[in-house]
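Single-letter residue listing:
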Amino acid sequence: MINENLWNQMGDVSFNLHQLLRKRYPAGKRVRRRFTTHYNLLQIEEGRGTLWINGTEYELVPGSLFLLHPKSLVEAVVGEKQSLRFMMQSFTYKWKNAAGTEIFTEEGLIAFNDSAMVSRGFEQLHELSEGPNPLLPWKRQIVFQELLYTIVADQQRDKQQGGTRFAIEKAKDFLDAYYHEDISLSLLAQRHAISPSNFAGIFKKHIGVRPIEYLTRLRMEHAKVWLRSQQSVKTVASKVGFHDELYFSRTFKKVIGVSPTIYMKNHVNARIMTVFPLLNDYLLAIELKPFATLSYAGNDQIRGLLPHIADELVETKIVGRWDRPDRESVLRADPELILGVNWASLTIDSYRNVAPTITLFNKDNWRDTLLELANLFGKKEQYAAWLKQYDLKAAQARSHLRASFGQEQTVMVLVDAGKEWRVYGGKRQLGDILYKDLKLNPPTGIKPLSHYTVISEADLERMNPDHIFLTTCNSNSDARLTEQLKSSSTWKALHAVQNGRLLELPSWFNSHAPIQHSLAIDMAVNSLLSS
């Protein structure tokens, strides 16, 4: 990808970012031939298709990463079965020390080990592509260069380790991530610079089985996870890359020994373990209880559990702390299914070989996570009932507040994070309840759609809210900032403090889960009306 002779001089390069494009093409669309204007870094997010770069044909699959040079002739065709979504960052660069020498010597498909990392980089660029903050372009430059550096460093490491074994391990990682897609052996060989004719034999030499057998067993292990969650056989077949339900059933019985239907009946009540304590709140909302969990390490925990659900989890085993993985304890607990989240990847990665795992991805709206779990475990009726009850409670709370609470009054969520003060917007957590569900007013300077903003004492003085909900991060047990602030003249002059409209809360109230949100509505309404 990069001119190796210039590797040590990369500090002399300056990049200029142009358009960041995120687009979806419908199934069957043909993208007409065109010449590129700039360099382009392209990643496929969803769908399949074919791409031609200067006449060279490439297969498009999720996770594929390409580098396009300026003045390259490109065209593409989207597959017939589903639409194709991609992200593409256009850029140019200035090179001080080597006039006429190109840094990027190769274009086309980039063999890269961690597609998820590239996706995260593109997501960051997308998040930074809009907004009035004059510092955003600077931050985008930093994120892009970190992304580019990681890709180039991966290429260098691949060459240094050089060997076929490293390429095979990368091919295996690709299968682990994209087992549910239509995967051809020629694509795998092409991605990892191995001769297609030799690929299967080399794979077996290093992994122990041929790639098709490895892929089949991998799909069956994931199918066992979905069947334990009581998904239909047709749905499970689709989730693990089979278009024919009957062929999936025959393959499953051949590999596992029983049919999918029999396997499902034998695992109606799978022993679910959670590696992130807040997931227990979600499970209880749809009438599920975890068999085991990792302890909540917050400053307000009860027996290692979140306080508001501790009484309902008295029979749930604690098998270690979520931030300190203890693989041996989990092995002894013998869970059948491990449920994790991508924002606590350390723990879920530690247990992948203990039992089948399902990873949930971070969502700003807790309702989306609850729905995902309801679909996963066949609890749609419980989901609908919970949401109906919650929305009714929120509507009644808004009605009470409209009748008895000053509509012009402002409300703030102020959090002592140990080293900084944070005020929360309405993107999630307690701010989501106050500003979205209850329709209350934030002080000037707090954006309803933001997550949180770090503020100074002077900022707090300018905002001067009428009501303050004060809490700490769950890892902050000493609350030193709070003690310092309470002794200041700024604090004593705030409207909320002078009028007795301050409520100090346990840290779990600023979590992001359905039962916690429901309890927080009661807390907020009682506090605001009584003050």
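Structure first, text after, so check above.
Residues numbered from 1 in each chain as written. Predicted model: local features only at pLDDT ≥ 70, side-chain atom pairs only at ≥ 80, totals over all residues. Heavy atoms only, no water.

1. Description of the nonpolar core
Alright, step 1. Counting 106 residues, the largest nonpolar core has Phe248, Leu339, Leu414 and Leu434 as its most contacted members.
Alright, step 2. Among the elements that line this core, the one with the most residues is helix α6 (residues 211-228), at eight residues.
Alright, step 3. Sequence-distant contacts of Phe248, that is, excluding residues within four places in its chain, are made with Met220, Ala223, Val233, Val236, Ala237, Val240, Phe242 and Pro260.
Alright, step 4. Phe15, Leu67, Met87 and Trp95 belong to the second-largest nonpolar core, a separate cluster that totals 26 residues. (Core = buried A, V, L, I, M, F, W, Y, C linked by side-chain atoms within 4.5 Å. Buried < 20%, exposed > 50% of the residue type's maximum accessible area, 1.4 Å probe, protein only. Helix = DSSP H or I, 4+ residues; strand = E, 2+ residues; numbered from the N terminus. Contact = heavy atoms within 4.5 Å.)

2. A word on helix α14 (residues 380-404)
Alright, step 1. Over its 25 residues, α14 extends 36 Å from the first C-alpha to the last, a length consistent with the 36 Å expected when each residue adds 1.5 Å.
Alright, step 2. Taken together, the buried positions of α14 are Gln382, Tyr383, Trp386, Leu387, Tyr390, Ala394, Ala397 and Leu401.
Alright, step 3. Looking at the buried residues of α14, the elements they touch are α10 (279-285), α13 (366-377), α15 (430-437) and α20 (514-530). (Expected span 1.5 Å × (residues − 1).)

3. Overview of the pattern of salt bridges
Alright, step 1. Considering all chains together, one arrives at 22 salt bridges under this definition.
Alright, step 2. Between Glu213 and Arg217 there is a salt bridge, and its shortest N-O distance comes to 3.6 Å. Pair noted here: Glu213 and Arg217 are both in helix α6, with a separation of four residues, about one helical turn.
Alright, step 3. In this structure Arg217 comes out as partly exposed when scored by relative accessible area, which is 46%.
Alright, step 4. In this structure, Lys427 engages Asp364 in a salt bridge whose closest nitrogen and oxygen atoms are separated by 3.6 Å. Note that Lys427 is positioned in the loop between β16 (421-424) and α15 and Asp364 in the loop between β14 (357-360) and α13, a separation of 63 residues in sequence.
Alright, step 5. Assessed through its relative accessible area of 30%, Lys427 is described here as partly exposed.
Alright, step 6. When its relative accessible area of 32% is taken as the criterion, Asp364 is described as partly exposed.
Alright, step 7. A single network of salt bridges, built from pairs that share partners, joins Arg22, Arg24, Glu45, Glu46, Arg85 and Glu123. (Salt bridge = Lys/Arg side-chain N within 4 Å of Asp/Glu carboxyl O.)

4. Looking at the environment of Ile151
Alright, step 1. Relative to the helices and strands, Ile151 is located in helix α2 (residues 136-161).
Alright, step 2. Judged by its relative accessible area of 0%, Ile151 is buried.

5. Concerning unusual backbone geometry
When glycine is set aside, most residues are seen to have a negative phi, and most peptide bonds are trans.
Alright, step 1. A positive phi angle, near 65°, is found at Lys71, a position not held by glycine.
Alright, step 2. By secondary structure assignment, the location of Lys71 is in the loop between β6 (65-68) and β7 (73-78).
Alright, step 3. On the basis of relative accessible area, Lys71 is assigned to the exposed category, the value being 70%.
Alright, step 4. Positive phi, close to 65°, is recorded for Gln429, a residue that is not glycine.
Alright, step 5. Under the relative-accessibility criterion, Gln429 is labelled buried at 13%.

6. Side note on the side chain of Gln429
Alright, step 1. Mapped onto the elements, Gln429 comes out in the loop between β16 and α15.
Alright, step 2. There is a polar contact of 2.7 Å between the side chain of Gln429 and the side chain of His451.
Alright, step 3. Those residues in contact with Gln429, other than ones at most four positions away along the chain, are Tyr424, His451, Asn510, Ser511, His512 and His517. (Polar contact = N/O pair within 3.5 Å; in protein donor to acceptor, adjacent residues only side chain to side chain.)

7. Side note on the sheet that holds strand β12 (residues 317-321)
Alright, step 1. Sheet architecture is open: five strands sit in the order β12-β11-β10-β13-β14, paired in parallel fashion. Looking at the sheet topology across the chains shown, the edges are occupied by β12 and β14. Between one strand and the next, the sheet's axes are offset by a mean angle of 25°, whatever the strand orientation.
Alright, step 2. Direction of pairing for strand β13 (residues 337-341) relative to β14: parallel, over a ladder of four bridges. In the sheet register, Val341 faces β14, and the bridge partner there is Leu360. (Pairing = 2+ DSSP bridges. Axes fitted to C-alpha atoms, helices over the stretch in contact; angles between N-to-C directions.)

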